[in-house]
Amino acid sequence: MTRPAAGPRIGPLVLATMASQALLVVLAPTITAIAADLTASVSSVGQARSVTAIVAVTASLTLSTRIDSIGVRRLLVVGSVLAVAACAAAAAAPNLPAFLAAHVLVGAAFACQLTAGFAGVAAFDRSRRPWAFGHVAGANALAWIVVNPAAGVLTQVSSWRLALAVPALLAVATLLAARTAVSTSESTPALPLRALLSDRYARRWIGAELLAFGCWTSLLTFAGAFFIERTAAGEATAGWLLAAGAAAYFVASTRSAWLVARVQRRHLVASSALVMAALLPIMLTIEGPSAIGAGILFSLIGLIAGVRTPASSGLGLDQLPEHAQAMMAIRTAVTQLGYFFGALLGGAVIAGAGYGTLGAVLAIGMAVSALLVLRIRESRSAEPKDSLGTA
């Protein structure tokens, strides 16, 4: 009697996604200490984020043409090894140029880990994918909840160099779990990027995701400063409010599969984007000692974003089901482009016109994203629809 083949496991994918986000999150509570130790300005140290974004976008686009032949398991291993090396290089950096150079490795590791996390969902049955996408997407928020305080404590009691052990440990855990991941076929030929982008529905999804990520990450980048500057919140209070928003995102993301089973995904993604568009201007026009009210709105926006993100990821996967993993590699590139342009746009708007105008700009971006999503197909998969799986 032969043993049945093991089904796909969510653990390695969640760990990979959490580890990828940890590489970014760890900079937030350590950036001041890094600047002081390396005798550099905070803004100069912050350029590490730009280096990471540029490398991650380039690596992700390269992976999009090769991931079908590389396989998820191998990508998990490579990403984990690169992440450990990146943390070691950054922790050992004697000066700012060396620290920034280490983030070339950070960008490559991020691209491999995040792409593997989302691409691995393609191995799940269609009925299980909403659940899997919810947990993988939720791992991003989990990194904010776990890594931020851990890195902050280590920086305060020891040094920022030791704090880099937090993402390194997550990468090691991913490496150990990688052997349990389902390996994909390694016989699929490489697909040119232009072939992936030749499908108009795939292009519309990419455009919608780029707008949505740019708006969402612009809010994440400046929400802490908004709480402190406009609602009279202290740094500690702002930290708790940001953590509450991340927690709301995590809860919604890991519990939203039942919605996908009942509502067409493009309608769910579009309506979520429109709700976010309505709430963003309200939150960013709050002034005075009303941190709790602004925090509640931020958590509500995080809740809605937690519904939108996994549903949209599943929708993107189904635009080119024969190259689903390649679409998830492109998603990684879109994520980093969103972070990059969202931060640039948000900073420019705040400096020129203030938070209220930023709220209006982000609302327009989310609304256009919703319109684009409504113009893509629900699914191209020929697989029969299974009954909803449980976890």
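Above this text you will find the structure in question.
Residues numbered from 1 in each chain as written. Predicted model: local features only at pLDDT ≥ 70, side-chain atom pairs only at ≥ 80, totals over all residues. Heavy atoms only, no water.

1. Thoughts on the overall build of the protein chain
Part 1: Broken down by element type, the protein chain carries 17 helices and zero strands.
Part 2: Taken over C-alpha atoms, the radius of gyration comes to 20 Å for the protein chain, in line with the 21 Å a tight globule of 391 residues would show.
Part 3: Across the 391 residues of the protein chain, 53% fall into the buried class.
Part 4: Sequence separation of at least 24 residues holds for 85% of the intrachain contacts in the protein chain that already meet a minimum separation of 6.
Part 5: A total of about 15,800 Å² of accessible surface is found on the protein chain, and carbon and sulfur atoms cover 67% of it.
Part 6: Between the averaged position of the 26 positive side-chain charges in the protein chain and that of its 14 negative side-chain charges there is a distance of 5 Å. (Helix = DSSP H or I, 4+ residues; strand = E, 2+ residues; numbered from the N terminus. Rg over C-alpha atoms; globule rule 2.2 N^0.38 Å. Buried < 20%, exposed > 50% of the residue type's maximum accessible area, 1.4 Å probe, protein only. Contact = heavy atoms within 4.5 Å. Areas by Shrake-Rupley, 256 points an atom, 1.4 Å probe, with all protein chains shown as cover. Lys, Arg positive; Asp, Glu negative; His and termini not counted. Charge placed at Lys NZ, Arg CZ, Asp CG, Glu CD.)

2. Thoughts on a nonpolar patch on the surface
Part 1: Nonpolar side chains collect at one region of the surface, where Val77, Val81 and Leu175 lie side by side and expose about 210 Å² of accessible area between them.
Part 2: With respect to the helices, strands and loops of the structure, leucine 175 is situated in helix α9 (residues 165-177).
Part 3: Classification of leucine 175 by relative accessible area gives partly exposed; the value is 35%. (Patch = residues over 30% accessible without salt bridge, like charges linked within 9 Å, V, L, I, M, F, W, Y side chains within 5 Å. Salt bridge = Lys/Arg side-chain N within 4 Å of Asp/Glu carboxyl O.)

3. So, unusual backbone geometry
Part 1: A positive phi angle, close to 50°, is found at threonine 39, a residue other than glycine.
Part 2: Within the secondary structure, threonine 39 is located in the loop between α2 (27-37) and α3 (42-64).
Part 3: The class of threonine 39 is exposed, set by a relative accessible area of 73%.
Part 4: Of note, the phi angle at alanine 232 is positive, near 60°, even though the residue is not glycine.
Part 5: Its location among the elements puts alanine 232 in the loop between α11 (200-230) and α12 (235-255).
Part 6: Assessed through its relative accessible area of 62%, alanine 232 is described here as exposed.

4. So, the nonpolar core
Part 1: Ranked by internal contacts, the top residues of the largest apolar core, which has 127 residues, are Phe99, Leu219, Phe227 and Met283.
Part 2: With 15 residues, the single largest contributor to this core is α11.
Part 3: Setting aside residues no more than four positions away along its own chain, methionine 283 makes contact with Leu219, Phe226, Phe227, Ala294, Leu297, Phe298 and Ile301. (Core = buried A, V, L, I, M, F, W, Y, C linked by side-chain atoms within 4.5 Å.)

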